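Close look at the chain arrangement
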Amino acid sequence: MTDAFSNWSGSLRFTPATHARPANEAQLQQLVRDAGAEGRTVRVHGAGHSSTPLVQTADILVSMKAFKGVVRQEGDILTVRSGMMLKEANQTFLEHGLALENLGDVDLQALAGAIGTGTHGTGRNLRILSNHLVGGRLVNGQGEIVEFTLETDPELTLAARVALGALGIFTEYRLQLVPAFQLHRQEWCTHIEDCMAHLDALIANHRNFDFYWYPRSDEAKLRTLNPPGEEPTDLPYAWCQKAKTGWSGDVIPRGRDNKFDEIEYWLPIENGPACFAEVRERIKAVHRKTVGWRVLYRTVAGDEAFLSGAHGRDSATVSMHHNASLPHEAFFRDMEPILLRHGGRPHWGKKHYQNAEGLRPLYPQWERFQRIRRAMDPNGVFLNPHLHDLFEGPAGATP
Amino acid sequence: MNNSTGNAAGPGHAAGRTAWAIAGGHIPLRSTGREPEHTSRDELCLLNTGAEDAEVEVTLFYSDRDPVGPYRLRVSARRVRRVRVNDLINPEAPPLDQDYGAIVTSNVPIVLQFERKDTSGSENGILTTLGLPL
């Protein structure tokens, strides 16, 4: 009997028929070939941090834990095996004098999950983590090895940067990193109206800036990160509560032991303030009785990955959280139309209630991605019901 | 656990008790006026006169479901701390507009005062009471 799998928040639980841990690439190829021949589905799990059923399968769940370590370093390009956790990867990069350009709010994810779902941090000029991908090696839906680089196959690379595990199972990532760097992180407290009055300057003047809004007090926590010694002047309308300096991998993410579920949407950056204003008004008017978790506002630079939430546009992201022990669906479903109305695209790894019909018009390169996906996995070995809904529409719908 | 140092008053003495109860919790849903100063709220006012930090645990009780907690708080030695029940979040946000009770325990004696600010109808309205020492 296989053990049940639970995601980080506990909102997703299932029991696969098989939980496989291939020891090497050849075993992984055989596993995928056999699954294809038997008409079974294969999904790969990492840390289980996503709260959408991306990894859910009644068939074969794969762990890539055996795939660890560095393959080679060529200057700032590091090729690593795909089974590392993000925290572990950050440490490995640092040991090679390198770092990711940016990180998210937490580093609980697997490297593969962070890349595959388009994980992002905050910073007007900083792109999603997947943007580091400049090549790789994967096992496609027919059990074949596909090796590519940005130079040899730019279209596949842009599809593979955010692919939700639908093109194949990566065994190696080729990552264009940046020299390791330190940051000075400061956390500030102020009123949300002061924050919004200075929002443009806060976004423009800091390498990384985001804020949390507390719906039960109207206060805001601002977080700024800058190269040490290059911080702008103090914020006269806020007081600094906490400060820390260290390597990027140590100071950008923060610890989080309180489990939550989350919905997050990517908006055209110019729509962010109006969307947030509507979110704030709606939560205060309707949801404050049960909702206490803060709302997070971030910015991300636009990029070219076909399924990136920031594809083709600089973005603001707005995310709402709710304690994992409390029912979240009525809250999230009520808020989602506001996010959509402002041009939002859902974060793939967080709760949303969209399928192919609604998603297709949001991504200019949608059909290009689907064409590549069908070529890489013609028999749908990597297509679980959730991905089928996302890419093809509800069961029975015509692609 | 030491549950009483009732005669403590001087510097370094830990005044109060290590367990307290509140029976009449109820955070008003509506607020009037600018927040956070005029947010309707229940507030725990904690006093630690002792020389040791107080590690405080709050458990909330409801009329229709199991207790929730502990919410963990620290009150530094010889300090006061006010904590809005509205702002408690870990393990979960307490609901507004619902009756609740609370048990507050500490590793060292503390004094617990309970305060409600209700701005549902106007900007000012305060009820203050001492928690029940156990």
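The structure presented is a predicted model; accordingly, all values stated were derived computationally and were not measured.

Looking now at the overall build of chain A. Scanning chain A from N- to C-terminus turns up 12 helices and 20 strands. In terms of overall size, chain A behaves like a compact globule, its C-alpha atoms giving a radius of gyration of 21 Å where 399 residues would be expected to give roughly 21 Å. Counting only residues that meet the buried cut, chain A has 59% of its 399 residues in that class. Relative to all contacts within chain A whose residues are 6 or more apart in sequence, the contacts with residues 24 or more apart total 72%. For chain A, the computed accessible surface area is about 15000 Å², with 49% contributed by carbon and sulfur atoms.

What follows deals with the overall build of chain B. Tallying secondary structure elements over chain B gives zero helices and eight strands in all. In sequence order, the secondary structure elements of chain B are arranged as β-β-β-β-β-β-β-β. Looking at the 134 residues of chain B, the share that counts as buried comes to 46%. Long-range pairs, those at least 24 residues apart, make up 68% of the contacts in chain B between residues at least 6 apart in sequence. Element-wise, carbon and sulfur atoms account for 50% of the exposed surface of chain B, whose accessible area totals about 6500 Å².

What follows is about the pairing of strand β9 (residues 133–139) of chain A. Residue and element names in this part refer to chain A. Burial analysis of β9 places seven of its seven residues in the buried class, the great majority of the element. Both β9 and strand β11 (residues 169–176) contribute to a ladder of six bridges, which runs antiparallel. Residue pairing in the sheet places Arg-137 in a bridge with Glu-172 of β11. Pairing analysis gives five bridges linking β9 to strand β10 (residues 145–149), with the strands arranged antiparallel. Bridging from a neighbouring strand, Arg-137 pairs with Glu-147 of β10.

Side-chain pairs of opposite charge can arise where the charged atoms are in close proximity. This structure, assessed with the given rule, holds 38 salt bridges over all chains. A salt bridge links A:Glu151 to A:Arg174; its shortest N-O distance comes to 4.0 Å. On the criterion of sequence distance, the pair formed by A:Glu151 in the loop between β10 and α4 (154–160) and A:Arg174 in strand β11 is long-range, its members being 23 residues apart. A residue is classified by how much of its surface remains accessible, and A:Arg174, at 15% relative accessible area, is buried. Counted as one network, the salt bridges with shared partners bring together A:Glu193, A:Asp218, A:Arg280, A:Lys284, A:Arg288, B:Arg34, B:Glu35 and B:Glu37.

Now for the environment of A:Arg137. Residue and element names in this part refer to chain A. Looking at the element boundaries, Arg-137 is found in strand β9. It is 18 Å that separates the C-alpha atoms of Arg-137 and Leu-177, two residues lying 40 residues apart in sequence. Non-local contacts of Arg-137, meaning those with residues more than four positions away in its chain, are made with Glu-25, Ile-145, Val-146, Glu-147, Ile-169, Phe-170, Thr-171 and Glu-172.

Let us look at the packing of aromatic side chains. All names here are of chain A. Here the structure, examined in full by the defined rule, presents 15 aromatic pairs over all chains. Ring centres of Trp-8 and Phe-260 lie 5.0 Å apart, and the angle between their planes is 75 degrees; on these two criteria the pair is classed as edge-to-face. Taken together, the positions of Trp-8 in the loop between β1 (5–6) and β2 (13–14) and Phe-260 in strand β17 (residues 260–268) put the pair 252 residues apart, joining distant regions of the chain. Note on Trp-8: relative accessible area 16%, which makes it buried. Since its relative accessible area comes to 9%, Phe-260 is described here as buried.

Bringing the interface of chain A and chain B into the picture now. In this assembly, 19 residues from chain A lie in contact with 18 residues from chain B. It is A:Arg216, A:Arg288 and A:Lys289 in chain A that bury the most area against chain B; as a group they hold 41% of the surface buried on that side. The interface formed by chain A and chain B includes 11 residue pairs in polar contact (both at pLDDT 80 or more). Among the secondary structure elements, those contributing two or more residues to the side of chain A that touches chain B are α5 (192–197) and α8 (272–287) of chain A. Here the residues of the side of chain A that touches chain B are counted per class, giving three nonpolar, seven polar and nine charged.

This paragraph deals with the packing of α8(A) against helix α9 (residues 329–341) of chain A. Residue and element names in this part refer to chain A. It is the contact of α8 with α9, at a shortest axis distance of 10 Å, that shows an interaxial angle of 155 degrees. On the basis of their axis angle, the class for α8 and α9 is roughly antiparallel. Here the hand of the crossing between α8 and α9 comes out right-handed. Contacts between α8 and α9 involve Cys-275, Glu-278, Val-279, Arg-282, Ile-283 and His-287 from the former and Ala-330, Phe-331, Asp-334, Met-335, Ile-338, Leu-339 and Arg-341 from the latter. Looking at the contact of α8 with α9, its residues break down into eight nonpolar, one polar and four charged.

Residue and element names in this part refer to chain A. Among the secondary structure elements, Arg-345 is positioned in strand β20 (residues 345–346). The side chain of Arg-345 sits in the buried core without any salt bridge; Asp-303 is the nearest counter-charge, 7.5 Å away. A polar side-chain atom of Arg-345 sits 2.9 Å from the main-chain carbonyl oxygen of Gly-309. A distance of 2.8 Å separates a polar side-chain atom of Arg-345 from the backbone oxygen of Leu-362. The contact partners of Arg-345, leaving out residues within four places of it in the chain, are Glu-264, Tyr-265, Trp-266, Ser-308, Gly-309, Ala-310, His-311, Arg-313, Leu-362, Tyr-363 and Pro-364.

What counts, and where the lines are drawn
- Residues numbered from 1 in each chain as written.
- Chains lettered and ligands numbered in written order.
- Predicted model: local features only at pLDDT ≥ 70, side-chain atom pairs only at ≥ 80, totals over all residues.
- Heavy atoms only, no water.
- Helix = DSSP H or I, 4+ residues; strand = E, 2+ residues; numbered from the N terminus.
- Rg over C-alpha atoms; globule rule 2.2 N^0.38 Å.
- Buried < 20%, exposed > 50% of the residue type's maximum accessible area, 1.4 Å probe, protein only.
- Contact = heavy atoms within 4.5 Å.
- Areas by Shrake-Rupley, 256 points an atom, 1.4 Å probe, with all protein chains shown as cover.
- Pairing = 2+ DSSP bridges.
- Salt bridge = Lys/Arg side-chain N within 4 Å of Asp/Glu carboxyl O.
- Phe/Tyr/Trp six-rings, centres within 6.5 Å; stacked < 30°, edge-to-face > 60°.
- Buried area = accessible area lost by both parts, 1.4 Å probe.
- Polar contact = N/O pair within 3.5 Å; in protein donor to acceptor, adjacent residues only side chain to side chain.
- Nonpolar A, V, L, I, M, F, W, Y, C, P; charged D, E, K, R; others polar.
- Axes fitted to C-alpha atoms, helices over the stretch in contact; angles between N-to-C directions.
- Parallel < 35°, antiparallel > 145°, perpendicular 65-115°, else oblique.
- Left-handed = near helix turned anticlockwise from the far one by under 90°.
- Lys, Arg positive; Asp, Glu negative; His and termini not counted.

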